[in-house]
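Fold and contact review
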Amino acid sequence: MDSFDERRRGLEAGFVADQEMMFRITARRNRLVAQWAAERMKLTPAETDAYAKAVVQADFEEAGDEDVIRKLLGDLTASGIDVEEAEVRRALDEQQVEARRQLMESR
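Figured I'd write up the structure that's included with this text. Just so we're clear, the structure is a prediction, and the values are computed from it rather than from any experiment.

1. With respect to the pattern of salt bridges
Inspection of every chain in the model, using the stated rule, returns 10 salt bridges. Between Arg31 and Asp49 there is a salt bridge whose closest N-O contact spans 3.5 Å. Placement of the pair is Arg31 in helix 1 (residues 2-41) and Asp49 in helix 2 (residues 45-58), with a sequence separation of 18 residues. Under the relative-accessibility criterion, Asp49 is labelled partly exposed at 35%. Residue Glu66 pairs with Arg89 through a salt bridge whose shortest N-O separation is 2.9 Å. Taken together, the positions of Glu66 in helix 3 (residues 66-78) and Arg89 in helix 4 (residues 85-105) put the pair 23 residues apart, joining distant regions of the chain. For Arg89, a relative accessible area of 30% corresponds to the partly exposed category. Taken together, the shared-partner salt bridges connect Arg31, Asp49 and Lys53 into one network.

2. With respect to the packing of helix 2 against helix 3
Contact pair helix 2 / helix 3: the axes reach a minimum separation of 8 Å and the direction vectors enclose 145 degrees. Taken together, the residues of helix 3 that come into contact with helix 2 (itself represented by Tyr51, Ala54, Val55 and Ala58) are Asp67, Val68, Lys71, Leu72 and Asp75. Class assignment for the residues of the contact of helix 2 with helix 3 results in six nonpolar, no polar and three charged.

3. Let's talk about the layout of surface pockets
Of the voids in this model, the largest pocket is the one considered here, and its volume is about 150 Å³. Broken down by element, the residue count for the lining of the largest pocket peaks at five residues, all from helix 1. Residue classes in the lining of the largest pocket are distributed as five nonpolar, two polar and two charged.

4. Observations concerning unusual backbone geometry
Phi is positive for Lys42, which is not a glycine, with a value near 60 degrees. Within the element layout of this structure, Lys42 appears in the loop between helix 1 and helix 2.

5. With respect to the environment of Leu72
Along the chain, Leu72 turns up in helix 3. Between the C-alpha atoms of Leu72 and Ala37, which are 35 residues apart in sequence, the distance is 7.1 Å. In this structure Leu72 touches Val33, Ala37, Tyr51, Val55 and Val88, once residues within four positions along its chain are discounted.

6. A look at the side chain of Asp59
Among the structural elements, Asp59 can be located in the loop between helix 2 and helix 3. For Asp59, which is buried and forms no salt bridge, the nearest opposite charge comes from Arg29, at a distance of 4.5 Å. Excluding anything up to four places from it in sequence, Asp59 contacts Thr26, Asn30, Gly64, Asp67 and Val68.

Scoring rules and cut-offs
Residues numbered from 1 in each chain as written. Predicted model: local features only at pLDDT ≥ 70, side-chain atom pairs only at ≥ 80, totals over all residues. Heavy atoms only, no water. Salt bridge = Lys/Arg side-chain N within 4 Å of Asp/Glu carboxyl O. Helix = DSSP H or I, 4+ residues; strand = E, 2+ residues; numbered from the N terminus. Buried < 20%, exposed > 50% of the residue type's maximum accessible area, 1.4 Å probe, protein only. Axes fitted to C-alpha atoms, helices over the stretch in contact; angles between N-to-C directions. Contact = heavy atoms within 4.5 Å. Nonpolar A, V, L, I, M, F, W, Y, C, P; charged D, E, K, R; others polar. 1 Å grid on protein atoms, 1.4 Å probe; cavity = no way out; pocket = protein on both sides within 12 Å on 5 of 7 lines; lining within 4 Å. Points joined across faces, edges and corners; volume = space filled by probe spheres on them. Lys, Arg positive; Asp, Glu negative; His and termini not counted.

Right under this line is the structure:
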């Protein structure tokens, strides 16, 4: 029984670590894609920092990426930037890869 309990605890700890890493990757991705959008909107560095925090916060509205996509599309459009949803999704995908790379390098 002890080896089974140890194995179970090990698997649970691994699961928690994986979930934490996915959370960190997603938050970093959201910050990076916010910086991408802020550059297109020509925000100042201070505005970019505040905007990145707002985009990260927007991800807590619902499960998945739709809340972030909706925010980015709405903000870009409101700023007069002609952008397609596919372009925002592509930016999210690219920044996901970059966020993972950054976090793996920092280990």
